[in-house]
Amino acid sequence: MKLLQQMAAMGMLASTVWLGACGDKAAPAASSAASAASTAASVVASAPASAPGGDTLRVGFITDMSGVYADIDGPGGAAAIEMAIEDVGGTLLGKKIELLKADHQHKTDIAATTAREWVDQQGVQAIFGGTNSAVALATSKLMAERQKPYFLNGAGASRITNEDCSPFTVQYAYDTVALARVAGKALMERGDKDWYFLTSDFAFGHSLEKDASEVVLANGGKVVGAVRAPLGASDFSSFLLQAQASKAQVLAFANGGGDFINSVKAANEFGVNKTMKMAGLIVFDPDVHAIGLKDAQGLIVAAPWYWDLNDESRKFGERFYAKFQRMPTYLQAGDYSAALTYFKAVKAVGSTDGAKIMEYLYKTPVNDMFAQNAIIRGDGRLMNDTYLFEVKKPEESTRPWDYYKQIKRVPAEEAYTKVADSKCPLLKK
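Residues numbered from 1 in each chain as written. Predicted model: local features only at pLDDT ≥ 70, side-chain atom pairs only at ≥ 80, totals over all residues. Heavy atoms only, no water.

**Q** I keep staring at the sheet that holds strand β1 (residues 56-63) and nothing clicks. Help me out?
**A** Pairing is mixed in the open sheet, where six strands are placed in the order β2-β3-β1-β4-β5-β6. With one partner strand each, in any of the chains shown, β2 (91-92) and β6 (169-171) form the two edges of the open sheet. Across five bridges, β1 lies against strand β4 (residues 124-129) in parallel orientation. Note that in β4 the partner of G60 across the bridge is I127. In the packing of helix α4 (residues 74-87) onto the sheet, the strands contacted are β1, β3 (95-103) and β4, and the crossing angle to β3 comes to about 175 degrees. Here helix α6 (residues 133-146) sits on the sheet and contacts β4, β5 (150-152) and β6; the angle it forms with β5, its principal contact strand, is near 160 degrees. (Pairing = 2+ DSSP bridges. Helix = DSSP H or I, 4+ residues; strand = E, 2+ residues; numbered from the N terminus. Contact = heavy atoms within 4.5 Å. Axes fitted to C-alpha atoms, helices over the stretch in contact; angles between N-to-C directions.)

**Q** Where do I start with the side chain of R381 in this structure?
**A** For R381, the location among the structural elements is in the loop between α15 (354-363) and β12 (386-391). Given the relative accessible area of 1%, R381 is considered buried. Reaching out from R381, the side chain makes a polar contact with the backbone oxygen of Q171 at a distance of 2.9 Å. What R381 contacts, discounting residues up to four positions off in sequence, is T161, Q171, Y172, A173, Y174, D175, I375, I376 and Y416. (Buried < 20%, exposed > 50% of the residue type's maximum accessible area, 1.4 Å probe, protein only. Polar contact = N/O pair within 3.5 Å; in protein donor to acceptor, adjacent residues only side chain to side chain.)

**Q** Looking at this structure, how should I read the state of the cysteines?
**A** Formally, a disulfide is one covalent bond, and it connects the sulfur atom of one cysteine to the sulfur atom of another. All chains considered together, the criterion is met by one disulfide. Paired through a disulfide, C165 and C424 show a sulfur-sulfur distance of 2.1 Å. Taking the sign of the torsion about the S-S bond as the criterion, the disulfide between C165 and C424, at about 90 degrees, is right-handed. Placement of C165 in the loop between β5 and β6 and of C424 in the segment after α16 (412-415) is noted, with a sequence separation of 259 residues between them. The same class applies to C165 and to C424, which are both buried. (Disulfide = S-S within 2.5 Å.)

All we've got here are geometric facts, nothing functional implied.
Right, here's the structure in full:
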């Protein structure tokens, strides 16, 4: 009931912002806060019930299965969720757990249509969302209307738990504020003051550039300029020439996955690395694997998890490797943890009722190989710590996938947006 009251209090104003963030034209704003709240209340009351699941408990996973982010989440993320299903015995509440999977192809309409069909017609009770923040923002609105939990690991735009927060969405692994604050501050402390951004031209890239720029400016630096490249670009030469012409000290890559790999390789080929320091604002193990330690050594990495962090993470990493022949990224580890957290909640509550599940999650800390005593804050942000790593030199690596050395651990309260600075109406200040 408390969650439903929160939704009504928030009104549908957030809905127009969600659509706007995804590049679609937002619907006209409500004429008043009162009419918006009334609209929200009617949506809550009329949210359609899911199709009967019979003897099956269905959950869904929507992510990039074949594009530039497939390696960092994709099929590996699905494998991680299947591991969580194994760990709860494959059944809950007397029902067999079934995982539905879909490739959103980085299109918000495909993701939203898939989620709607899953929930309304196939009785899906929760969805685990992967990469692409625009997709996440669009799907979050739908899941709130249907009152179903939505767990995000790959989507990092900070607005998901800030101005576009939802009582049914949990941003689980990381966000762009944490990456920018932890990695950006470390680079600034090295004396790298003048920055130029090469940014993926969609919601996540924009958010990462914005949050990193704020860190640079707050620490006495300067943003010389930025260039935006389309998602999945095949040629980065023109963008890199613009960056080089800026005479900035730092070339910051506000992109990820295949785009990050290809842009770094191209920068090395063009000799940009000889005139500018390269900063990866979001770096994953497969990125380093593809680039190679020779060219990736020294890169600063901010991440909430790493497979070689401790005994528990190594145990999970080795188990994942046995199934998938590579070590898991922190997104894939987050997929496992989020699924396990949801399944534990279903068991504890004795129901798949979305509002009851969320009430339980907000008051129950997460404790597993991914996060320790981490609460889910009222805005949906999992308050897990963030680590600062540096990519090892080739001679420092002792075995396959041994890529990082830890520099420090940053508490969640320092890494993420503070409650006092948040625009999320769900947070009490």
